[in-house]
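Next come the chains, spelled out residue by residue.
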Amino acid sequence: MPPDADQHVIVRALVDELVRCGVRTAVTSPGSRSTPLVLALVRDGRLACHSLIDERCAGFFALGAAKATGMPAVLACTSGTAAANYLPAVVEAYEAGVPLLVLTADRPPELRDVGAGQAIDQIKLYGRAAKWFVEVGSHDATPQRLRWLRSLACRAVWTALDHRPGPVHLNLPLRDPLIPPDELPSDATGRADGAPRLCRSRRPGVPGNPGAPGAGGAIRTGHRPLIVAGRLERRPGAGDRGATTAALAQRLGVPLLADPLSGARRGSTAIAHYDALLRDETFAAGAAPDWVLRVGDLPTSKPLRRWLASLPEKVEQIALEPEGVWHDPDGVLARIVPAGEPIEAAQIETGWLKRWREADEAAHLALDTELRRRLSEPLVANHLATTLPTDAVLVVASSMPVRDVEAFAPVCRHPARVLANRGANGIDGTVATALGVAAVNDGPVMLLIGDVALLHDLGGLAALARARHTLTIVLVDNGGGGIFDALPVAAATDAFEEHVATPTGIDFAAASAMAGIAYHRVEAPQHLRPAFETTLLHVRTDRAESLALRRRCVAAVQAAIKPTAAATPPRRAGHEGWDPETYLAWMRREGVPGYDRLQGEAVAATRGDAVRSILELGTGTGETARRLLEAHPDATLLGVDANADMLAAARERLDPDRVRLELRRLEDPLPDGPFDLVASALAVHHLQGPEKADLFRRVRAVLAPGGRFVLADVIVPHDSDAAVAPLSDVDFPSTIADQLGWLQDAGFDATVAWEEGDLTVLVARVR
């Protein structure tokens, strides 16, 4: 072997074995002592190697990549304080359960503690934040030692992934010469089939999987069961843990209080607005469960945490935690279940799920009414959570952004993935984390961040100038730390503004220019429509106004869930004669259980094709129109309705540049087309069979070739005599077979996109 080649052969074998174990991402920063590491990583050819100048940013970049993929990312740096700058990211990875492989170059033993430059004590530098530490040592590259090193590399990967994932630290003392010779000798110690030197099987636990063995047998729920889902980051082999949790809740018929970070805020039992609901003492007392299953971390919501902590000891609280994490700060858990024991439902109290769903829908209406009045921090969070496509990732900064997403994101059929650094809950490194996610995600990535958090990571913003990845940043700038305005310290007026709120004073347009990225000032919600390019969208808000808005939202929810006498539905067609507030209140409380979900499913069924022109039949108060325009940002909408008061209410909340509204009955001629899409959510339920058949023919005539008609209606599945929705008693319910037959006769190919009870969404395409 050529002189001085041993350490380069050793480093090459180490990198080769990491790749054999599935590692695909490496992050380096400039330096001299790490030269052998950097060259081995770059020259391997199978790794996506990213260069970040600032080690602190590099650490969070690798964290984001590992968080998004579930596989360890490699971090490689030079010796000295460069390695110390990884500490915040290593701590976050440890607390959040994110796998990392930290490879720090070091001075050889003879240059330590003798005054050599760039030499610090790197032995166990990260303390207990590293799951495992190894001083790799310097030795000859004999076949026996190379095999040992390859096994070491495998063990590092499996340790980073095993049980509760986390960071592993390998310290590599490297000597001069740091540049390898022109040719390195071959290495035959790797297995011939390309397999890792050492394989290890992993079987993650899956919530509620009846096939997964456990120690405790089947778990039986109480009569008023509840599932609470916190952060559940997906990992290879574990499946979509959020979807699994949502499916479990639906199978059991159990209310599911799901943090968006869980990926479980979906399905017919998901409850979105528990943060506001549980601030109402009467509701919180009346909705107390007798059994709680907790999956993942505790959600961020303080009212939910306090409520869970206040439940009597007789309420059994179980944590389903295959990784053995101990998340029980209040000491209320009765059991921690390490694997996916089967879960069986007891006889659930009648109306238990309905109570939660009706309150959640009333809260949704109250919040929506408050938020649509002007651009605000909660509206931005709601808008992003509602409009991002399924393949997108929303990275959310800690502090107020993550709380706004939890409080104001609605239930979605296929929600975009939401990630946040909620292990140690710090705000540092957030831009770099999002950039790391963007480096490995196939779909678009957006970052929602506040001004103080962005200031903490201006290095990450500068890294965008060198990045080859697209990241859209939505900056909510309220001139300081808005979260502190709601805390008691805000009363300390002599020190609060300068020392706690800490306005940044940064010109973010200039900061964007420094980073070479586009900058846009956002003045209205429609300006948030992402082009999914590297852009900073600057939303300027006022801290005092934001605090007042959040308090108004809570008050509106409390007013909405107070018991009221139900309005008597009129025995007349449609909603003519109703005022908007009475109509919506009756529809959500009495008329159509699941009204909001029906609207959401109707809009979801319109996705998939380019839509430029929309005709909405029965615009009502404009809620469905708003959702349609959010789903199709390039479209314009023409809405018709027979109720002038409804149209007036719709005009207040819709963008006049994209919407035209007309007073017109369904029996009147339809507007001239062609339209790419005709949509109706509960506008034609009052029509009898012949009238519907005629309407379907007229819709067919105004649709463009290949256009779609999406109809959300009260349609009973099989037997019209078995209808149960109150509207079915008022009007003329038909069966799915009837509707499909009328659409077929009108010239459509039609399918059922969604159904629940008496509610159905039909999608008809022009033949």
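Just above sits the structure.
The structure reproduced in this document is the subject of the present report. In this text, all values refer to a predicted model and were calculated from it rather than measured experimentally.

Remarks on the overall build of the protein
Logical step 1: From N to C terminus, the protein includes 26 helices and 28 strands.
Logical step 2: Per-residue burial over the protein gives 58% buried out of 767 residues.
Logical step 3: Carbon and sulfur atoms make up 51% of the accessible area of the protein, which amounts to about 30,100 Å² in all.

Focus on the pairing of strand S3 (residues 73–77)
Logical step 1: Burial runs high along S3: 5 of the 5 residues are buried.
Logical step 2: Along S3, one buried face is formed by Ala-73, Leu-75 and Cys-77 and the opposite face, lined by Val-74 and Ala-76, is buried too.
Logical step 3: Relative to S3, strand S1 (residues 25–28) runs parallel, the two sharing 3 bridges. Counterpart to Val-27 in the pairing with S3 is Leu-75.
Logical step 4: In this sheet, strand S4 (residues 100–106) lies alongside S3 in parallel orientation, the contact comprising 5 bridges.

Side note on the environment of Arg-357
Logical step 1: Among the structural elements, Arg-357 can be located in helix H11 (residues 352–371).
Logical step 2: Classification of Arg-357 as buried rests on a relative accessible area of 14%.
Logical step 3: Separated by 101 residues in the primary sequence, Arg-357 and Leu-256 place their C-alpha atoms 9.9 Å from one another.

Structural notes on the sheet that holds S4
Logical step 1: The strand order across the open sheet built from 6 strands is S2-S1-S3-S4-S6-S5, with neighbouring strands paired in parallel fashion. Each having just a single partner strand, strand S2 (48–51) and strand S5 (132–135) make up the two edges of the open sheet. Pairwise comparison of adjacent strand axes, ignoring direction, gives a mean angle of 15° for this sheet.
Logical step 2: As judged from the 7 bridges shared by S4 and strand S6 (residues 167–173), these two strands associate in the parallel manner. For Asp-106, the partnering residue across the bridge sits in S6 and is Pro-173.

Brief notes about the sheet that holds strand S13 (residues 335–337)
Logical step 1: Sheet architecture is open: 6 strands sit in the order S10-S9-S8-S11-S12-S13, paired in parallel fashion. For this open sheet the edge positions go to strand S10 (270–271) and S13, each flanked by a neighbour on one side alone.
Logical step 2: In this structure, strand S9 (residues 256–258) lies alongside S10, joined through 2 bridges in parallel fashion. Counted as the bridge partner of Leu-257 is Ile-271 from S10.
Logical step 3: Helix H7 (residues 241–252) rests against strand S8 (225–229), S9 and strand S11 (291–295) of the sheet, and its axis sits at about 170° to S8.

Some words on the packing of aromatic side chains
Logical step 1: Throughout the structure, instances matching the rule amount to 5 aromatic pairs.
Logical step 2: Taking 6.4 Å as the distance between ring centres and 85° as the angle between the ring planes, the aromatic pair formed by Trp-352 and Trp-356 counts as edge-to-face. Residue Trp-352 and its partner Trp-356 are located together in helix H11, separated by 4 residues, close to a single helical turn. The same class applies to Trp-352 as to Trp-356, namely buried.
Logical step 3: Relative to Phe-748, the ring of Phe-709 lies with its centre 6.0 Å away and its plane at 45°, an arrangement referred to as tilted. Of the two residues, Phe-709 is situated in strand S25 (residues 703–716) and Phe-748 in strand S27 (residues 748–756); the sequence distance between them amounts to 39 residues.

As for helix H13 (residues 400–408)
Logical step 1: Counting buried positions over the 9 residues of H13 gives 8, a clear majority of the element.
Logical step 2: Looking at H13, one finds that the buried residues are Met-400, Pro-401, Val-402, Asp-404, Val-405, Glu-406, Ala-407 and Phe-408.

Things to note about the environment of Gln-118
Logical step 1: Inspection of the secondary structure assignment puts Gln-118 in the loop between S4 and S5.
Logical step 2: With relative accessibility at 43%, the residue Gln-118 sits in the partly exposed group.

Considering the packing of helix H3 (residues 55–69) against helix H5 (residues 87–96)
Logical step 1: Closest axis-to-axis distance for the H3/H5 pair is 8 Å, and the angle between their directions is 25°. Regarding the angle of H3 to H5, the classification is roughly parallel. The chirality of how H3 crosses H5 is right-handed. When H3 is examined against H5, the residues Gly-59, Phe-60, Leu-63 and Lys-67 are found in contact with a partner set consisting of Pro-88, Ala-89, Glu-92, Ala-93 and Ala-96.
Logical step 2: When grouped by side-chain class, the residues that make up the contact of H3 with H5 number 6 nonpolar, 1 polar and 2 charged.

Comments concerning the side chain of Glu-406
Logical step 1: With respect to the secondary-structure elements, Glu-406 resides in helix H13.
Logical step 2: Here Glu-406 sits buried without a salt bridge, and the closest side chain of opposite charge, Arg-265, lies 5.3 Å off (N-O distance).
Logical step 3: At 2.7 Å, the side chain of Glu-406 and the side chain of Tyr-274 are in polar contact.
Logical step 4: Filtering out sequence-adjacent residues up to four positions away, Glu-406 remains in contact with Asp-259, Pro-260, Arg-265, Ala-272, Tyr-274, Pro-299, Thr-300 and Ser-301.

A few points about the nonpolar core
Logical step 1: Counting 55 residues, the largest nonpolar core has Leu-257, Leu-293, Trp-307 and Trp-356 as its most contacted members.
Logical step 2: The greatest single-element share of this core, amounting to 8 residues, is contributed by H11.
Logical step 3: Once residues lying within four places of it in the same chain are set aside, the contact partners of Leu-257 are Leu-226, Ile-227, Val-228, Ala-229, Ile-271, Tyr-274, Leu-304, Trp-307 and Trp-356.
Logical step 4: Judged by nonpolar contacts, the second largest core, of 52 residues, contains Leu-52, Phe-61, Ala-93 and Val-393.

Some details on unusual backbone geometry
Logical step 1: Residue Pro-177 is bonded to the preceding Asp-176 through a cis peptide linkage, with omega at 0°.
Logical step 2: Tracing the backbone shows Pro-177 in the loop between S6 and strand S7 (219–220).
Logical step 3: Residue Pro-674 is reached from Gly-673 by a cis peptide bond, and omega for that bond is 0°.
Logical step 4: Structurally, Pro-674 is set in the loop between strand S23 (659–663) and strand S24 (675–681).
Logical step 5: One non-glycine residue, His-163, lies in positive phi territory at about 55°.
Logical step 6: With respect to the helices, strands and loops of the structure, His-163 is situated in the loop between helix H6 (143–161) and S6.

Here is what the cut-offs are and how they apply
What you see as residue numbers is a count from 1 along each chain, following the sequence as written. Local features are withheld for residues below a pLDDT of 70 in this predicted model, meaning they are given only at 70 or higher, and side-chain atom pairs are given and counted only at 80 or more; totals for whole chains, interfaces and linings count all residues. The side-chain quantities take in all heavy atoms of the structure and omit both hydrogens and water. Secondary structure elements follow DSSP: runs of H or I of four or more residues count as helices, runs of E of two or more count as strands, with numbering from the N terminus. Summary of the burial criterion: residues with accessible area below 20% of their type's maximum are buried, those above 50% are exposed, and those between are partly exposed, where the area comes from a 1.4 Å probe applied to protein chains only. Areas reported here follow the Shrake-Rupley algorithm with a probe of radius 1.4 Å; residue values treat only the protein chains shown as occluding. Strands are treated as partners if at least two bridges between them are detected by DSSP. Here the axes come from fitting lines to C-alpha atoms, over the contacting stretch only for helices, and the angles between their N-to-C directions go from 0 to 180 degrees. Contact definition: two residues touch when any of their heavy atoms are within 4.5 Å. Only Phe, Tyr and Trp rings are paired, with Trp represented by its six-membered ring, and only when their centres lie within 6.5 Å; those with planes under 30 degrees apart are stacked, over 60 edge-to-face, the remainder tilted. Angular relationships are summarised with four words: roughly parallel below 35 degrees, roughly antiparallel beyond 145, roughly perpendicular across 65 to 115, and oblique for the angles in between. Take the far helix as the reference: if the near one is turned anticlockwise from it by less than a right angle, the crossing is left-handed, and if turned clockwise, right-handed. As a working rule, the residues Ala, Val, Leu, Ile, Met, Phe, Trp, Tyr, Cys and Pro are called nonpolar, Asp, Glu, Lys and Arg charged, and the rest polar, with Gly in that last group. When charges are counted, Lys and Arg are positive and Asp and Glu negative, with His and the chain ends excluded. When a carboxyl oxygen of Asp or Glu lies within 4 Å of a side-chain nitrogen of Lys or Arg, that pair is called a salt bridge. Definition of a polar contact: a pair of N or O atoms within 3.5 Å, with one able to donate and the other able to accept a hydrogen when the atoms are protein atoms, and with sequence-neighbouring residues admitted only if both atoms are side-chain atoms. Put simply, a nonpolar core is a bunch of buried Ala, Val, Leu, Ile, Met, Phe, Trp, Tyr and Cys residues held in one set by side-chain atoms that sit within 4.5 Å of each other.

This is a description of form; function is not addressed.
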